[in-house]
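The chain contents come next:
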Amino acid sequence: MSYELKSANALAGGTCCYAGSRLPVRGPKRDLTRPYFAFLGGTEMFGRFVKTPFSDVSESLIEVPCVNIAAVNAGLDTFASDAAVLKVARQARVAVVQLMGAQNISNRYYRVHPRRNDRFLQAQPDLKALFPEVDYTEFHFNKHLLTTLQALSEERFDDVRRHLQETWVIKMQKVIEALEGRVLMLWLTYDLQGRSAFSYEPTLVERSMVKALQARTKGLVEVSVAPAGRVDDLEGMQLGELDLPAAQHVLGPKEHARIGCALAEALQGLS
């Protein structure tokens, strides 16, 4: 196994922010005066620990700049509420938008962190009424909260799940409208080999939800992927001394290359 031991911020270009936004996205900052494709998404699209994320792979194949405006731990809310980042995406020929989990959005049951959407901030009155026996101060991450609720009562959890899925579709529609429909959806599917609602990624996103959006967009690219540790895809990753456990759960260089090729083919057709 071969990977480079570097500091946690060792990726070439680091992170950057575009004018008007405080969101740290994949660097280096790109020239937005030339025609480009925008890539908007979370940790997978950012390419954590990976020297060449799939946006760069696509760019090398189609020879059109592909601006990576993805952020680690970002979710749908991160971008839905960031007018500056949406402007960068709207000015692109087409924006590749990663489908991110439905658990990481603020809703009538709980609030999430505005930029690191995987973080649970506060239970709303409706959730406290539905699950009065829960001490919500114990939770820091949305998935931990939701798996606990599901274990307590499948029936009550179904109310939360349905609301999250409905809210996700509404927020995705708003993002697509903000980008004037010039959206290529990217659905990276993980099978985590379980039987619960949390045994696949993106969490709680079902095919019927995606189909409800397709007619509003330029299309869909679906790629089944596996984390680096499961498919021995760690070679070439840039890691700090304590990063190996985390790196096993993200996408490795070979998976990024495969996704980049699939997106390049779709973008070539659109352009």
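See the structure above.
As the structure is a prediction and not an experimental result, all values here were calculated from the model. (Residues numbered from 1 in each chain as written. Predicted model: local features only at pLDDT ≥ 70, side-chain atom pairs only at ≥ 80, totals over all residues. Heavy atoms only, no water.)

### A few points about the side chain of Asn-117
Filter applied, for reference: Labels follow the DSSP assignment, with helices taken as runs of H or I lasting at least four residues and strands as runs of E lasting at least two, numbered in each case from the N terminus. Here a polar contact is recorded for every N or O atom pair within 3.5 Å, except that within protein the pair must consist of a potential hydrogen donor and a potential acceptor, and residues adjacent in sequence are included only if both atoms are side-chain atoms. In this description, contact between two residues means that some pair of their heavy atoms is separated by no more than 4.5 Å.
Residue placement: Asn-117 occurs in the loop between β7 (110–112) and β8 (120–123). At a separation of 3.3 Å, a polar atom in the side chain of Asn-117 contacts the main-chain carbonyl oxygen of Pro-114. Filtering out sequence-adjacent residues up to four positions away, Asn-117 remains in contact with Asn-73, Ala-74, Gly-75, Leu-76, Asp-77, Thr-78, Asn-104, Val-112 and Asn-142.

### Quick word on the layout of surface pockets
Where empty space is left can be seen by rolling a probe of water-molecule size over the atoms. Under the convention used in this document: A pocket here means an open set of points on a 1 Å grid, computed over the protein atoms alone, that has protein on both sides within 12 Å along at least five of seven lines. A cavity is instead a set of points where a 1.4 Å probe fits but cannot get out; residues with an atom within 4 Å of a point line either one. Grid points are joined across faces, edges and corners, and a volume is the space filled by probe spheres set on the points. For this scheme, ten residues count as nonpolar: Ala, Val, Leu, Ile, Met, Phe, Trp, Tyr, Cys and Pro. Four count as charged, namely Asp, Glu, Lys and Arg, and the remainder, Gly too, count as polar.
There is about 890 Å³ of room inside the largest pocket. Of all the elements in the fold, those that place two or more residues in the lining of the largest pocket are α1 (43–46), α6 (142–152) and β9 (183–191). When its residues are assigned to classes, the lining of the largest pocket shows 13 nonpolar, 12 polar and six charged.

### So, the nonpolar core
Applicable threshold: Each nonpolar core is a collection of buried residues, namely Ala, Val, Leu, Ile, Met, Phe, Trp, Tyr and Cys, held together in the definition by side-chain atoms within 4.5 Å. For every residue, the accessible area (1.4 Å probe, protein chains only) is compared with the maximum for its type, and the residue is labelled buried under 20%, exposed over 50%, or partly exposed between those bounds.
The biggest cluster of nonpolar side chains holds 57 residues, and the ones touching the most others in it are Ile-69, Tyr-110, Leu-127, Tyr-136, Leu-149, Trp-168 and Met-172. Here this core takes eight residues from helix α7 (residues 154–178), the largest share from any one element. Ranked by size, the runner-up nonpolar core spans 23 residues in total, among them Phe-54, Val-96, Val-221 and Ala-264.

### Side note on the environment of Gly-181
By secondary structure assignment, the location of Gly-181 is in the loop between α7 and β9. The class of Gly-181 is buried, set by a relative accessible area of 14%. In this structure, the C-alpha to C-alpha distance between Gly-181 and Arg-216, residues 35 residues apart in sequence, is 5.9 Å. Each residue touching Gly-181, except ones within four places of it in the same chain, is listed here: Ile-176, Arg-216, Thr-217 and Lys-218.

### Details of unusual backbone geometry
Most peptide bonds adopt trans geometry, and most residues besides glycine take a negative phi value. In this model, Gly-27 is joined to Pro-28 through a cis peptide bond whose omega is -5°. Looking at the secondary structure, you find Pro-28 in the loop between β3 (25–26) and β4 (37–40). Each neighbour pair has its own omega, and for Glu-201 with Pro-202 the value is 0°, a cis peptide bond. Residue position: Pro-202 is located in the loop between β10 (200–201) and α8 (207–214). Within the chain, Phe-49 stands out as a residue other than glycine whose phi angle is a positive 75°. Within the element layout of this structure, Phe-49 appears in the loop between α1 and α2 (54–62). A positive phi is found at Glu-180, a non-glycine position, where the angle reads about 60°.

### Comments concerning the packing of aromatic side chains
Rule in force here: We call Phe, Tyr and Trp rings a pair once their centres come within 6.5 Å, taking the six-membered ring for Trp, and we label the pair stacked below 30 degrees between planes, edge-to-face above 60, and tilted otherwise.
Inspection of every chain in the model, using the stated rule, returns four aromatic pairs. Between Tyr-136 and Phe-139, the ring centres sit 6.5 Å apart and the planes meet at 50°, which makes this aromatic pair tilted. Accessibility classification places Tyr-136 together with Phe-139 in one group, the buried group. The interplanar angle of 50° and the centroid separation of 5.8 Å between the aromatic rings of Phe-157 and Phe-198 together place this pair among those described as tilted.

Note that all results are geometric; they support no functional claim without further evidence.
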